[in-house]
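This is what each chain is made of:
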Amino acid sequence: METTNPLYRFLFCPLCGSHNFEEHSWNARRCKDCGFTLYTNPRGATVAVIVNEKDELLVGTRVNEPAKGTYDLVGGFMDLGETAEQAMIREIEEESGIKVSESQLRYLFSQPNQYPYSGIVCHTIDLFFECRIDSRTQIKSMDDISGLRWIPIREVEAQLFGLDSVRTGIMRYLAEENIK
């Protein structure tokens, strides 16, 4: 039994309430009474690598667990019905007050992640986007990130980022952009 699989936290069928809710496959449970199958597919999330013309990276501090008090980038979960680009634009505005357009986003790569939330491990697929903005753009720490600040990208220390996916993403970005 995979301990990080959130399916093992669900003992009853979410459709009919039956206790005959059993393992169907490695990523699914099936109800023997009503036939409902619940799959655990990764949840979409976005991460913004916001850089200005001075080659500085916008970095904040996490307000909440997991990894409270460590460095983080702007980002968050995608909502139902959103494209990844729409979610990235919304998250940038919600967490930093910065209004960007889709033309300012450049898709970089994806990174699998395990994000502990409300007593379960949410498996996500984090979609990283680079966003170039002017250094004079007004920024304001909001939502679940605080202390937004610009750090010269050559001085970024990946180990200060508390979330594994973001830390790995920063290392990959620095390597792929031939920084350092």
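Keep in mind that what you see is a predicted model, and the values were worked out from it rather than measured.

On to the sheet that holds strand β3 (residues 37–39), then. Sheet architecture is open: 3 strands sit in the order β1-β2-β3, paired in antiparallel fashion. The open sheet is flanked by β1 (21–25) and β3, the only strands paired with a single partner. Ignoring which end each strand starts from, the neighbouring axes of this sheet average 30° apart. Both β1 and strand β2 (residues 28–31) contribute to a ladder of 4 bridges, which runs antiparallel. Looking at the pairing, F21 lines up with C31 of β2.

Glancing now at the pairing of strand β5 (residues 56–62). Looking along a regular strand, one sees side chains alternate from face to face of the sheet. Here β5 lies mainly inside the structure; 7 of its 7 residues are buried. Two elements, β5 and strand β10 (residues 145–152), share 6 bridges in a ladder whose sense is antiparallel. By the bridge assignment for β10, T61 is matched with S146. Here β5 runs beside strand β6 (residues 71–72); their pairing, made up of 2 bridges, is antiparallel. Within β6, the residue paired with G60 across the bridge is D72.

Right, let's get into the packing of aromatic side chains. Taken as a whole, this structure holds 4 aromatic pairs when the rule is applied. Between Y71 and F161 the ring centres are 5.5 Å apart and the planes differ by 70°, which places this aromatic pair in the edge-to-face class. Placement of the pair is Y71 in strand β6 and F161 in the loop between β10 and α2 (164–176), with a sequence separation of 90 residues. For the pair F77 and Y115, a centre-to-centre distance of 5.6 Å together with 85° between the ring planes defines the contact as edge-to-face. Taken together, the residues F77 in strand β7 (residues 75–77) and Y115 in strand β8 (residues 105–117) connect sequence positions 38 residues apart. Overall, the relative accessible area of 23% leaves F77 in the partly exposed class.

We now examine helix α1 (residues 84–96). The terminal C-alpha atoms of α1, which comprises 13 residues, lie 18 Å apart, in line with the 18 Å expected from a rise of 1.5 Å per residue. Among the residues of α1, those classed as buried are A84, A87, M88, R90, E91, I92, E95 and S96. Buried positions along α1 lie against β4 (43–52), β7, β8, β9 (120–133) and β10. Among the residues trailing α1, G97 stands out with phi positive, at a value near 75°.

Now for the nonpolar core. One broad rule of soluble globular proteins: the nonpolar side chains tend to lie buried together. Within the largest apolar cluster, 21 residues are counted, with the highest numbers of intra-cluster contacts made by V49, L57, L73, I153, F161, I170 and Y173. Every element with two or more residues in this core is listed here: β4, β5, β8 and α2. Sorting elements by how many residues they give to this core places α2 first, with 4 residues. Excluding anything up to four places from it in sequence, L73 contacts V47, A48, V49, L57, L58, E95, I145, F161, V166 and I170. One finds L58, M88, L105 and F129 within the second-largest nonpolar core, a separate group that totals 18 residues.

Next up on the list: the pattern of salt bridges. All chains considered together, the criterion is met by 14 salt bridges. D55 serves as the salt-bridge partner of R132, at 3.5 Å between the closest nitrogen and oxygen. Residue R132 is found in strand β9, and its partner D55 is found in the loop between β4 and β5; the two are separated by 77 residues along the sequence. In this structure R132 comes out as partly exposed when scored by relative accessible area, which is 39%. For D55, a relative accessible area of 41% puts it in the partly exposed group. Of the charged contacts in the structure, one is a salt bridge between R132 and E130, with a shortest N-O distance of 3.4 Å. Through salt bridges that share partners, D55, R106, E130, R132 and E177 make up one connected network.

What counts and how
Residues numbered from 1 in each chain as written. Predicted model: local features only at pLDDT ≥ 70, side-chain atom pairs only at ≥ 80, totals over all residues. Heavy atoms only, no water. Pairing = 2+ DSSP bridges. Helix = DSSP H or I, 4+ residues; strand = E, 2+ residues; numbered from the N terminus. Axes fitted to C-alpha atoms, helices over the stretch in contact; angles between N-to-C directions. Buried < 20%, exposed > 50% of the residue type's maximum accessible area, 1.4 Å probe, protein only. Phe/Tyr/Trp six-rings, centres within 6.5 Å; stacked < 30°, edge-to-face > 60°. Expected span 1.5 Å × (residues − 1). Contact = heavy atoms within 4.5 Å. Core = buried A, V, L, I, M, F, W, Y, C linked by side-chain atoms within 4.5 Å. Salt bridge = Lys/Arg side-chain N within 4 Å of Asp/Glu carboxyl O.

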